[in-house]
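Chains, contacts and geometry: an overview
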Amino acid sequence: MSRIEQLISEIETYIDGCKTQPFSNNKKIVVDKDEIEELLVELRLRTPEEIKKYQKIISNKEAILSDASRQADAMLAQASKQTKELLDEHEIIQQAYAKADELVRSATVQGQQIIDQAAKEANAYRQSAVRYTDEMLKSLQDIISHTMDGAKSRFESFSHSLESSYQIVSANRQELYGGAQEEAAPAEE
């Protein structure tokens with residue numbers, strides 16, 4: 001298991017262990033901001049290492065392609081050498097051409113197969129790295145979204161609480177002001 005996968009597992013375990021927010025139908029949780037930020041920072045720092053690891057794997061495929069090309073060139077050189085050695089007599093020349101053609105075709109087919117296989121494997125590694133990175137980013141996106149939802153809910157709760165307090169203070173002031181006017185009205189008579 002890679003360190004990124006371990007971090008994601010730790011984040012999921014942490015989220016599972018968080019207390020749910022009252023009256024939230026177990027969908028909203030209270031999160032220690034410092035702890036979740038620490039895990040997210042470490043996840044961000046580890047992501048480039050994983051990508052470098054997959055890039056190295058992909059670059060090895062380039063070496064395989066290069067090796068296949070060298071092997072094909074070596075086979076062609078060998079076929080050419082054998083052709084030159086067989087040029088002494090007419091029958092031998094015809095046999096040499098046939099053998100050289102066969103070697104060239106075989107080397108070309110074999111070289112192309114090696115190149116095709118290496119290209120297919122390199123493409124598969126690249127696609128795997130892209131999928132893996134996308135999955136990591138999706139997990140991070142989900143974590144951030146859940147964190148934003150929790151923060152928004154707490155802010156709305158706080159705003160409603162302040163508004164309620166404001167209305168109580170306003171009503172108390174109105175009551176005080178109304179009471180002061182009633183006391184002032186009999187004194188004027």
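For the structure itself, consult the block above.
Residues numbered from 1 in each chain as written. Predicted model: local features only at pLDDT ≥ 70, side-chain atom pairs only at ≥ 80, totals over all residues. Heavy atoms only, no water.

Bringing the overall build of the protein chain into the picture now. Check the secondary structure of the protein chain and you find three helices and zero strands. When the helices and strands of the protein chain are placed in sequence order, the string is α-α-α. Within the span of the protein chain, comprising 189 residues, buried residues form 19% of the whole. Split by element, the accessible area of the protein chain, about 14400 Å² in all, is 53% carbon and sulfur. (Helix = DSSP H or I, 4+ residues; strand = E, 2+ residues; numbered from the N terminus. Buried < 20%, exposed > 50% of the residue type's maximum accessible area, 1.4 Å probe, protein only. Areas by Shrake-Rupley, 256 points an atom, 1.4 Å probe, with all protein chains shown as cover.)

Moving on, we get to the layout of surface pockets. Over the atoms a probe the size of a water molecule is rolled, and this reveals where empty space is left. Taken as a whole, the largest pocket holds about 570 Å³ of empty space. Taken together, the elements giving at least two residues each to the lining of the largest pocket come down to α1 (3-17), α2 (33-85) and α3 (90-188). A per-element tally of the lining of the largest pocket places α3 first, with eleven residues. Of the residues assigned to the lining of the largest pocket, the class counts are ten nonpolar, four polar and nine charged. (1 Å grid on protein atoms, 1.4 Å probe; cavity = no way out; pocket = protein on both sides within 12 Å on 5 of 7 lines; lining within 4 Å. Points joined across faces, edges and corners; volume = space filled by probe spheres on them. Nonpolar A, V, L, I, M, F, W, Y, C, P; charged D, E, K, R; others polar.)

Helix length check: α1, at 15 residues, gives a terminal C-alpha distance of 21 Å against a target of 21 Å (1.5 Å per residue), a fit within 8%. Taken together, the buried positions of α1 are Ile4, Leu7, Ile8, Ile11 and Tyr14. Considered in projection along α1, the buried side chains sweep an arc of 120 degrees and stay on one side of the axis. Along α1, exposed side chains directed more than 90 degrees from the buried face belong to Thr13, Asp16 and Gly17. (Expected span 1.5 Å × (residues − 1). Arc of directions from axis to C-beta.)

Moving on, we get to the nonpolar core. Counting 18 residues, the largest nonpolar core has Ile4, Ile11, Tyr14, Val31, Ile36, Leu40 and Leu43 as its most contacted members. The set of elements that each furnish at least two residues to this core consists of α1, α2 and α3. Those residues in contact with Ile36 that lie beyond four places of it in its chain are Ile11, Tyr14, Val31 and Ile143. (Core = buried A, V, L, I, M, F, W, Y, C linked by side-chain atoms within 4.5 Å. Contact = heavy atoms within 4.5 Å.)

To continue, consider the pattern of salt bridges. Per the stated rule, a full pass over the model turns up three salt bridges. Its salt-bridge partner being Asp67, residue Arg70 comes within 3.5 Å of it at the nearest N-O pair. Of this pair, Arg70 and Asp67 both sit in helix α2, three residues apart, roughly one helical turn. On the basis of relative accessibility, which here comes to 33%, the residue Asp67 falls in the partly exposed class. Ionic pairing is found between Asp142 and Lys138, a salt bridge with its closest N-O pair at 2.8 Å. (Salt bridge = Lys/Arg side-chain N within 4 Å of Asp/Glu carboxyl O.)

A contiguous nonpolar surface patch, about 350 Å² in accessible area, is contributed by Phe155, Phe158 and Leu162. Topologically, Phe158 is positioned in helix α3. (Patch = residues over 30% accessible without salt bridge, like charges linked within 9 Å, V, L, I, M, F, W, Y side chains within 5 Å.)

Another aspect to go through is the environment of Ala100. In this structure, Ala100 sits in helix α3. We classify Ala100 as buried; its relative accessible area is 10%. Separated by 18 residues in the primary sequence, Ala100 and Gln82 have C-alpha atoms spaced 7.2 Å apart.

On to the environment of Lys33, then. Among the secondary structure elements, Lys33 is positioned in helix α2. Accessibility expressed as a relative area gives 56% for Lys33, which makes it exposed. As a C-alpha pair, Lys33 and Ala151 span 118 residues in sequence and 9.8 Å in three-dimensional space.

A contiguous patch of negative charge, built from Asp32, Asp34, Glu35 and Glu38, is present on the exposed surface. Among the structural elements, Glu35 can be located in helix α2. (Lys, Arg positive; Asp, Glu negative; His and termini not counted. Charge placed at Lys NZ, Arg CZ, Asp CG, Glu CD.)

All right, on to the side chain of Ser153 then. Its place among the elements puts Ser153 in helix α3. Discounting residues that sit within four places of it in the chain, Ser153 has contacts with Gln21 and Lys28.

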